Amino acid sequence: MPLLTARSLTKVYDSGSLRVEALRGVDLEFEAGELVVLLGPSGSGKSTLLHLLGGLDRATSGSIVYRDHDLCDADERSLTEFRREHVGFVFQFYNLIPTLTARENVQLVTELALRDGRRRTAIRQPMDALDALKLVGLEGRADHFPSQLSGGEQQRVAIARAVAKRPELLF
């Protein structure tokens with residue numbers, strides 16, 4: 001059984017008289033442990049697809065099924081739980097909190113993952129923030145703020161933050 005399946009997925013943006021079809025009838029399946037790379041020119045729908053699959057946005061039509069849960073029919077609370085429990089995101093612009101250190105930026109996500117859900121269940125307990133920073137070679141920069149880190153280091157903090165909660169899906 002696939003971990004994540006999309007069928008006939010479409011996303012249309014309407015802006016007055018302008019109609020943009022960002023995705024048209026996308027079908028795909030992801031197996032657990034599979035590594036997939038999306039390639040395409042700017043404006044081809046890569047980010048739109050990732051936002052839909054990660055539960056950050058809603059499809060215009062089609063279906064997205066994670067295990068046996070239909071994400072297109074899910075309410076906002078269910079989508080929030082899906083993202084918190086199962087998905088890690090590495091955003092294009094990192095989205096680090098400037099007033100928190102690298103360690104605190106990673107720790108915040110692991111604390112949110114524990115809130116409500118994983119504390120009660122035994123699934124994939126999050127990593128220690130320093131262990132996640134070690135994975136990306138930043139243990140020596142753990143107490144630095146984003147403004148004290150290079151762009152590449154900030155990107156690695158964002159990666160550490162995403163993997164620290166041990167997600168089943170990493171976008």
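Definitions and limits used
Residues numbered from 1 in each chain as written. Predicted model: local features only at pLDDT ≥ 70, side-chain atom pairs only at ≥ 80, totals over all residues. Heavy atoms only, no water. Salt bridge = Lys/Arg side-chain N within 4 Å of Asp/Glu carboxyl O. Buried < 20%, exposed > 50% of the residue type's maximum accessible area, 1.4 Å probe, protein only. Pairing = 2+ DSSP bridges. Helix = DSSP H or I, 4+ residues; strand = E, 2+ residues; numbered from the N terminus. 1 Å grid on protein atoms, 1.4 Å probe; cavity = no way out; pocket = protein on both sides within 12 Å on 5 of 7 lines; lining within 4 Å. Points joined across faces, edges and corners; volume = space filled by probe spheres on them. Nonpolar A, V, L, I, M, F, W, Y, C, P; charged D, E, K, R; others polar.

**Student:** What is the right way to read the pattern of salt bridges from this model?
**Tutor:** Where charged atoms from two side chains of opposite charge approach closely, those side chains can pair. Following the criterion strictly, the structure yields ten salt bridges and no others. In this structure, Arg-19 and Asp-14 form a salt bridge, with 3.9 Å as the shortest nitrogen-oxygen distance. A relative accessible area of 51% means that Arg-19 is categorised as exposed. Salt bridges linked by common partners bring Asp-14, Arg-19, Glu-21 and Arg-24 together as one network.

**Student:** What is the right way to look at the pairing of strand β1 (residues 4–15) in this model?
**Tutor:** Two faces belong to every sheet, and in a regular strand the side chains alternate between them. Here β1 runs beside strand β2 (residues 18–30); their pairing, made up of nine bridges, is antiparallel. In the strand pairing of β2, Leu-9 is matched with Val-26. Counting the residues that bridge the hairpin from β1 to β2 gives two residues, and of these Gly-16 lies at a positive phi of roughly 65 degrees. Alignment of β1 against strand β3 (residues 61–66), held across five bridges, turns out to be antiparallel. Following the sheet pairing, Leu-4 is matched in β3 by Tyr-66.

**Student:** Which parts of the structure should I look at to understand the layout of surface pockets?
**Tutor:** By rolling a water-sized probe across the atoms, one finds the places where empty space is left. Of the pockets and cavities examined, the largest pocket occupies roughly 880 Å³. Lining of the largest pocket is provided by 25 residues; of these, Val-36, Leu-38, Leu-50, Leu-170 and Phe-171 occupy positions nearest its centre. For the lining of the largest pocket, the secondary-structure elements that each account for two or more residues are α1 (46–53) and β6 (169–170). Ranked by the residues each element gives to the lining of the largest pocket, the list is headed by α1, at four residues. Of the residues assigned to the lining of the largest pocket, the class counts are 17 nonpolar, four polar and four charged. If you add up the space inside the second largest pocket, you get close to 440 Å³. Along its surface, the second largest pocket is lined by 19 residues, and Arg-83, Phe-89, Val-109, Leu-112 and Lys-165 are the ones closest to its centre. Sorting the residues of the lining of the second largest pocket by element identifies α2 (76–86), β5 (87–88), α3 (102–118) and α5 (151–164) as the ones contributing at least two each.

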